[in-house]
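What follows is each chain in one-letter form.
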Amino acid sequence: HPRAPSPPAPPDRVRRAVGVAAMQRVAAATVLWAVANAAKMQLTPMERVAQLLQEMKHRIEQDGKLEQQSYDKYACWCEDTLGRKAKDISTGKEQIEELGALIIKLKSEIASHGAEIAQTRKDLAANVEARREATEVRDKEHAGYLDEKTESEQCVGALEAATKVLAGAGTKRGFLETMQEAQ
């Protein structure tokens with residue numbers, strides 16, 4: 001690696017102002033920095049492997065904590081879902097029993113209503129036949145009434161004419177003239 005150029009040297013008056021104590025502190029910091037870097041650079045391969053294993057252990061522990069949190073959330077979700085599904089299954093079984101009983105009840109009602117429908121159809125057919133017969137009887141009675149009415153009207157007309165003829169019998173008018181007036 002190419003080395004970075006070193007900074008320019010401070011002027012003389014700054015060097016004098018810094019003093020010996022400050023120089024000692026800077027020197028101590030520089031030595032500590034150099035020792036730390038040297039310690040890192042001069043690790044033996046076994047020390048380096050041990051250091052890498054420690055770092056890996058730390059990362060694995062962190063990953064384990066995150067995985068445990070994820071697992072805990074998943075386990076909680078599983079428990080909630082399992083409880084909800086068990087309740088749904090129980091409710092479904094109860095509904096199956098209730099609906100089975102309802103189906104049986106409704107099938108029996110269908111059978112009974114089927115019999116009622118058949119009876120109603122028979123009654124309706126009987127009523128239609130009875131109405132037809134009653135209409136025939138009324139039509140015959142009406143025809144008889146009309147015949148009787150016509151005959152009665154003719155009889156009444158004939159009686160009125162006879163009454164006029166007989167009422168005029170003592171007046172000396174002719175029989176034929178009275179007949180013609182009656183008609």
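A short tour of the structure in this document, coming up. (Residues numbered from 1 in each chain as written. Predicted model: local features only at pLDDT ≥ 70, side-chain atom pairs only at ≥ 80, totals over all residues. Heavy atoms only, no water.)

1. Brief notes about the overall build of the protein
Threshold: Per the convention used, a helix needs a DSSP run of H or I reaching at least four residues, while a strand needs a run of E reaching at least two, with both numbered from the N terminus. Classification of residues uses two cut-offs on accessible area relative to the type maximum, computed with a 1.4 Å probe and protein chains only: under 20% is buried, over 50% is exposed, and between them is partly exposed. Residue-level accessible areas treat just the shown protein chains as cover; the underlying method is Shrake-Rupley with a 1.4 Å probe.
Each helix and strand in the protein was counted, giving 3 helices and 0 strands. Start at the N end of the protein and walk to the C end: the helices and strands fall as α-α-α. Relative to its full complement of 183 residues, the protein shows a buried share of 4%. Entry remark: accessible area of the protein is about 16,900 Å², with carbon and sulfur atoms responsible for 62%.

2. Comments concerning the pattern of salt bridges
The condition is simple: In the sections that follow, a salt bridge refers to a side-chain nitrogen of Lys or Arg positioned within 4 Å of a carboxyl oxygen of Asp or Glu.
Evaluated as defined, the whole model comprises 3 salt bridges. The shortest N-O distance in the salt bridge between Lys 105 and Glu 109 comes to 4.0 Å. With Lys 105 and Glu 109 both in helix α2 (residues 45-167) and 4 residues apart, this pair spans about one turn of that helix. Owing to a relative accessible area of 47%, Lys 105 belongs among the partly exposed residues under this scheme. Owing to a relative accessible area of 30%, Glu 109 belongs among the partly exposed residues under this scheme. For Arg 132, the salt bridge identified is with Glu 129, shortest N-O distance 2.2 Å. With Arg 132 and Glu 129 both in helix α2 and 3 residues apart, the pair spans about one turn of that helix.

3. Observations concerning the packing of aromatic side chains
Just so we agree on the cut-off: Here a Phe, Tyr or Trp ring, Trp counted by its six-membered ring, pairs with any other such ring whose centre lies within 6.5 Å, and the pair is stacked when the planes are under 30 degrees apart, edge-to-face when over 60, and tilted otherwise.
With the rule as written, the count across this model stands at 1 aromatic pair. Ring geometry for Tyr 74 against Trp 77: centres 6.0 Å apart, planes inclined by 25°, an arrangement best described as stacked. Taken together, the residues Tyr 74 and Trp 77, both in helix α2 and 3 residues apart, mark about one turn of the helix.

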